[in-house]
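What follows is each chain in one-letter form.
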Amino acid sequence: MGEIIEYIEKQFYDLFKTKPEVIVKAPGRVNIIGEHTDYNHGYVLPMALEQGTYIAGKRRKDSLLNFYALNIHRQCIADLHYPSRNPIEPWMDYVMGVSYELKKLNYSLHGIDGVIYGDIPMACGLSSSASLEMAVLKLFEVIGDFTIDDVESAKLGQRVENEFLGLKSGIMDQFISRCGKKEHALFLDCRTLEYKLIPIDLPEHTFVIANTNCPRGLTGSKYNERVTECNTALNTLNSYYKRSATHLRDFTLDELLETKNIMEPVAFKRAYHVLTENQRVLSCIDALKNGDIQKVGNLLNESDFSLQRDYEVTNRELEIITGIARNIEGCKGARMTGAGFGGCTINLVETKYLDNFTNMLIEKYSEETSRKGSCIISPPSDGAKIVKTF
Ligand code: GLA
C-alpha cells in the first residue's frame, strides 16, 4: 500500500504542481457466498479485499471535477453543476454519479482535482466500480467536511448504479466496500441492512481468487434480465398466494415448490436458485463458526452448480476453471463470484497445497482455454478510509 500511496502522490504533484489534500482508499470485494440474492432482499457474505481504488484529491475554488485515471491514462474535466453521462470517458460517470446523488441530498459541493489509481482488476467480478464509487464518496466527504452514515453511503452508491447508470444491481458491493473489516467477512441481510461481522479465522486454509481473464460479455443487459426474471417469479407467487410481497425473500422454498407447475419454468429456476442460495449462506456461516471447512467447501460447490444450472450466469471459462480447481489436491470447494458471465472464482484451499494449487490451476486452465489465468490472495480488509492527509 505504501508504494501505491507514494506513486499516486507523485503523480498528483506532477499533474497539478501541488500536493493533494488527502488520499482515500476503498476496497474491492470477493463474495464468499450469496450470489444474486441481494436485489431479492436475501443474504450475502462478502469480504473486502486489500486491493481497491485510491484517489488523491484537493479542493478547487470552482465547480469543476478534474480527474485523471492513472490506470488508463485518461483525463476528464466536468462541471458538477451539469451532471451527465460521458460515453467517451465512462469511468467519469462514477465520479459524476456520486456528486449528482450528493447534490440531490443538498450537500454543498466543491470542485476537485483528483488522481485515481486502482490495483484491482477491472470488470472481473471484484467490484472495481463499487470501490471507485465508495472512494469518490469518501473523497467528497473529506473535502466537503461532512460525514455520511455507512448504510446511507452504500445506498447512495447503489442509486448511482440503479439511477445514474441504469444497472439494477443490489447493495452488496457498495456495502462491503464501505463497511468491510479486517479479518472478517460481513453477513448482510439485504432487507433490513443489518449486518454482522463474521471472523475469518482459518488457520490451515486460504481463500484463493482465480481470474479467468475472460472479459465479461453483456453483463449489464444479462444482469437486468435476471432481475426481471426474478420479478416474474415474484408476480406468480404473489398472485398464487394472494399477497403483495415486494421481493422473493418473502417466500419460503416450500411455497415456491408448490407453484412449480404453474410458474414459467425459467422464472422458477431463477427463484429456486435465490431461495436455496439464501439457505446456503446461513449454513455457511454456521460451518465457519464450527470450523467445518469441508462443509464450507461443499456449500461453495453447491452454490456454483446452482448458478450454472438454475441461474445460468456462468460461462465456459468459469465452468472450466472451477472444474479444474475441484480436482487439484487441497481444494475444498470452488465457485464463480460476483455477477458472473466471466470474471473470477473463489476457491477454498488447504494452505499447505497453496503453491501447487495456483500453479496447477493456471497451467491447466491455459491448456484448456489458451487464456492466461491469474490468482489473487488477500486477507479480509477494511472498508473505505483515509490513508493519508497532508
Ligand atoms: C454484482 C452486483 C451485486 C450483486 C452481484 C451478484 O456484483 O453489483 O449487487 O447482485 O452482482 O451477487
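The rules behind these values
Residues numbered from 1 in each chain as written. Predicted model: local features only at pLDDT ≥ 70, side-chain atom pairs only at ≥ 80, totals over all residues. Heavy atoms only, no water. Helix = DSSP H or I, 4+ residues; strand = E, 2+ residues; numbered from the N terminus. Rg over C-alpha atoms; globule rule 2.2 N^0.38 Å. Buried < 20%, exposed > 50% of the residue type's maximum accessible area, 1.4 Å probe, protein only. Contact = heavy atoms within 4.5 Å. Areas by Shrake-Rupley, 256 points an atom, 1.4 Å probe, with all protein chains shown as cover. Phe/Tyr/Trp six-rings, centres within 6.5 Å; stacked < 30°, edge-to-face > 60°. Core = buried A, V, L, I, M, F, W, Y, C linked by side-chain atoms within 4.5 Å. Pairing = 2+ DSSP bridges.

Draft legend 1. Quick look at the overall build of the protein. From N to C terminus, the protein includes 11 helices and 12 strands. The C-alpha atoms of the protein give a radius of gyration of 21 Å, which matches the 21 Å a tight globule of 390 residues would have. For the protein, the spread of C-alpha atoms along the principal axes amounts to about 65 × 55 × 40 Å. Taken across its 390 residues, the protein has 58% of its residues classed as buried. Counting contacts in the protein only where the partners sit at least 6 residues apart, residues at least 24 apart contribute 71% of the total. As displayed, the protein offers around 16,300 Å² of accessible surface, 48% of which is attributable to carbon and sulfur atoms.

Draft legend 2. Fine view of the packing of aromatic side chains. Going through the model one piece at a time under the given rule, you end up with 10 aromatic pairs. Measuring from centroid to centroid gives 4.3 Å for Tyr-107 and Phe-146, while their planes differ by 25 degrees, and the two rings are stacked. With Tyr-107 in the loop between helix H2 (92-104) and strand S5 (112-118) and Phe-146 in the loop between helix H3 (128-144) and helix H4 (150-164), this residue pair connects regions lying 39 residues apart in the sequence. Judged by its relative accessible area of 13%, Phe-146 is buried. Joined through ring pairs, the aromatic side chains of Tyr-240, Tyr-241 and Phe-251 make up one cluster.

Draft legend 3. Spotlight on the nonpolar core. Counting residues in each nonpolar core, the largest one holds 35 residues, and the members touching the most others are Ile-55, Leu-65, Phe-67, Leu-102 and Phe-140. For this core, the secondary-structure elements that each account for two or more residues are strand S1 (22-33), strand S3 (64-69), strand S4 (74-79), H2, S5, H3 and H4. In terms of residue count, the dominant contributor to this core is H3 (eight residues). Core analysis: the second largest hydrophobic core is formed by 30 residues, Ala-185, Ala-287, Cys-344 and Ile-346 among them.

Draft legend 4. View of the pairing of S5. With six of its seven residues buried, S5 lies for the most part within the structure. Here strand S2 (residues 43-59) runs beside S5; their pairing, made up of seven bridges, is antiparallel. Note on S5: the bridge partner recorded for Ile-55 is Ile-116.

These values are about where atoms sit, not about what they do.
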